[in-house]
Amino acid sequence: RWIVEYKTSRELSGRFLLSFETSIQLLSYALALAKNGILVNGAYVVGMRVSNKNAETAIHPITFQPHQLEDTALWLQHKTAQLLAAEEKGVFLKDLSGCHPYSTFGSHGYPCDFCHLCHLVEDWTSLKSAYRVEAEREFELA
């Protein structure tokens with residue numbers, strides 16, 4: 001079994017496709033499936049060029065190793081602990097490395113949807129009313 005992930009991009013280079021080798025998104029999918037008894041060998045990243053002149057596609061297989069799922073679980077536990085501690089203290093630090101994909105993942109892309117929320121004013125909570133805040137919901141695997 002393999003996960004298939006479709007990605008659109010203006011670029012379909014080896015650099016673009018290789019950027020998914022350690023994708024926390026893909027590894028989290030595999031971890032969620034494994035926790036529910038479904039083991040996958042890896043993922044196929046299907047890159048599709050966004051262009052009105054070229055309908056190019058490329059497929060890149062990525063094989064997952066068991067230790068990668070263990071590392072992903074530890075990373076998710078760490079991030080969850082950080083969020084819970086922030087919520088308990090009422091202090092939410094800005095992750096400045098996550099504002100743009102280049103600083104976080106080493107690849108170009110679009111800035112975070114909440115970049116303005118973090119950087120336009122000293123107290124980001126003063127701009128919260130400009131955003132839609134949805135109700136908390138539990139993660140469920142259908």
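Keep in mind the model is a prediction, meaning the values are calculated, not measured. All residue numbers refer to positions counted from 1 along the written sequence of the respective chain. Restriction of local features to residues with pLDDT of at least 70 applies here, the model being predicted, together with a cutoff of 80 or more for giving and counting side-chain atom pairs; totals for whole chains, interfaces and linings are based on all residues. To get the side-chain values, all heavy atoms of the structure are used, and hydrogens and water are removed first.

Details of a nonpolar patch on the surface
Like-charged residues are merged into a patch within 9 Å and nonpolar side chains (Val, Leu, Ile, Met, Phe, Trp, Tyr) within 5 Å, provided each residue has over 30% relative accessible area and no salt bridge. Here the open area of atoms and residues is found with the Shrake-Rupley method and a 1.4 Å probe, where only the protein chains shown may cover a residue. In the sections that follow, a salt bridge refers to a side-chain nitrogen of Lys or Arg positioned within 4 Å of a carboxyl oxygen of Asp or Glu. A cluster of nonpolar side chains, Trp2, Val4, Tyr6, Tyr44 and Ile59, forms an exposed patch at the surface whose accessible area comes to about 500 Å². By definition, any uninterrupted DSSP run of H or I lasting at least four residues is a helix, any uninterrupted run of E lasting at least two residues is a strand, and each is numbered from the N terminus. Broken down by element, the residue count for the nonpolar patch peaks at three residues, all from strand β1 (residues 2-9). Tracing the backbone shows Tyr44 in strand β2 (residues 42-49). You can call Tyr44 partly exposed: its relative accessible area is 32%. Any residue under 20% of the maximum accessible area for its type is buried, any over 50% is exposed, and the rest in between are partly exposed; the area is computed with a 1.4 Å probe on protein chains only.

Considering the sheet that holds β1
Two strands make a pair as long as DSSP finds a minimum of two bridges between them. One open sheet holds the three strands; their spatial order is β1-β2-β3, and the pairing between them is mixed. Strand pairing shows two members of the sheet lacking a second neighbour, β1 and β3 (57-63), which therefore form its edges. In this sheet, neighbouring strand axes are inclined to one another by 20° on average, regardless of whether the strands run parallel or antiparallel. Inspection of the sheet shows β2 paired to β3 by seven bridges, in the antiparallel sense. Bridging across to β3, Gly42 finds its partner in Thr63. Across the sheet, helix α2 (residues 24-35) lies against β1, β2 and β3, angled at about 155° from β1, the strand it touches most. Axis definition: a line fitted to C-alpha atoms, over the contacting stretch in the case of helices. Angles run 0 to 180 degrees between N-to-C directions. By the convention used here, residues are in contact when the closest approach between their heavy atoms is within 4.5 Å.

Describing the nonpolar core
Here, nonpolar core means buried Ala, Val, Leu, Ile, Met, Phe, Trp, Tyr and Cys residues that are tied together by side-chain atoms lying within 4.5 Å of each other. In terms of nonpolar packing, the biggest core is built from 18 residues, with Ile3, Leu26 and Phe64 touching the most fellow members. Counting only elements with at least two residues in this core, the list comes to α1 (14-18), α2, β2, β3 and α3 (66-89). Counting residues per element, this core draws most heavily on α2, which supplies five residues. Residue contacts for Leu26: discarding those within four places in its chain leaves Ile3, Glu5, Phe20, Ala43, Val45, Ile62 and Phe64.

Examining the packing of aromatic side chains
The aromatic pairing rule takes the rings of Phe, Tyr and Trp, using the six-membered ring of Trp, and pairs them if the centres are within 6.5 Å, calling planes under 30 degrees apart stacked, those over 60 edge-to-face and the rest tilted. In total, this model carries two aromatic pairs according to the counting rule given. Ring centres 5.2 Å apart and planes at 80° place the aromatic pair Phe16 and Phe20 in the edge-to-face group.

As for the layout of surface pockets
By volume, the largest pocket amounts to about 1800 Å³. Lining the largest pocket are 34 residues; nearest its centre among them are Leu83, Phe92, Leu93, Asp95 and Phe114. Contributions of two or more residues to the lining of the largest pocket are made by α3, α4 (101-105) and α5 (115-119). The element contributing the most residues to the lining of the largest pocket is α3, with nine residues. Amino acids outside the nonpolar list (Ala, Val, Leu, Ile, Met, Phe, Trp, Tyr, Cys, Pro) and the charged list (Asp, Glu, Lys, Arg) are all regarded as polar, and Gly is one of them. Classifying every residue of the lining of the largest pocket gives 20 nonpolar, five polar and nine charged. Lining residues are those with an atom within 4 Å of a point, where the points come from a 1 Å grid over the protein atoms alone and group into cavities, where a 1.4 Å probe fits but cannot get out, or pockets, open sets with protein on both sides within 12 Å along at least five of seven lines. Grid points are joined across faces, edges and corners, and a volume is the space filled by probe spheres set on the points.

Remarks on the side chain of Thr72
Summarising the element assignment, Thr72 is placed in helix α3. Not counting residues up to four positions away in its chain, the partners in contact with Thr72 are Ile24, Leu27, Ser28 and Leu31.

Description of the pairing of β2
Consecutive side chains of a regular strand alternate in pointing toward one face of the sheet and then the other. In this structure, β1 lies alongside β2, joined through eight bridges in parallel fashion. If you follow Glu5 over to β2, its bridge partner there is Val45.

Some remarks on the side chain of Glu11
Mapped onto the secondary structure, Glu11 falls in the loop between β1 and α1. Glu11 gets classed as buried once you look at its relative accessible area, which sits at 16%. Throughout this description, a polar contact denotes any pair of N or O atoms lying within 3.5 Å of each other; where both atoms belong to protein, one of them has to be capable of donating a hydrogen while the other can accept it, and for residues adjacent in sequence the pair is counted only when both atoms sit in side chains. Here the side chain of Glu11 touches Ser13 through a polar contact of 2.2 Å, side chain to side chain.

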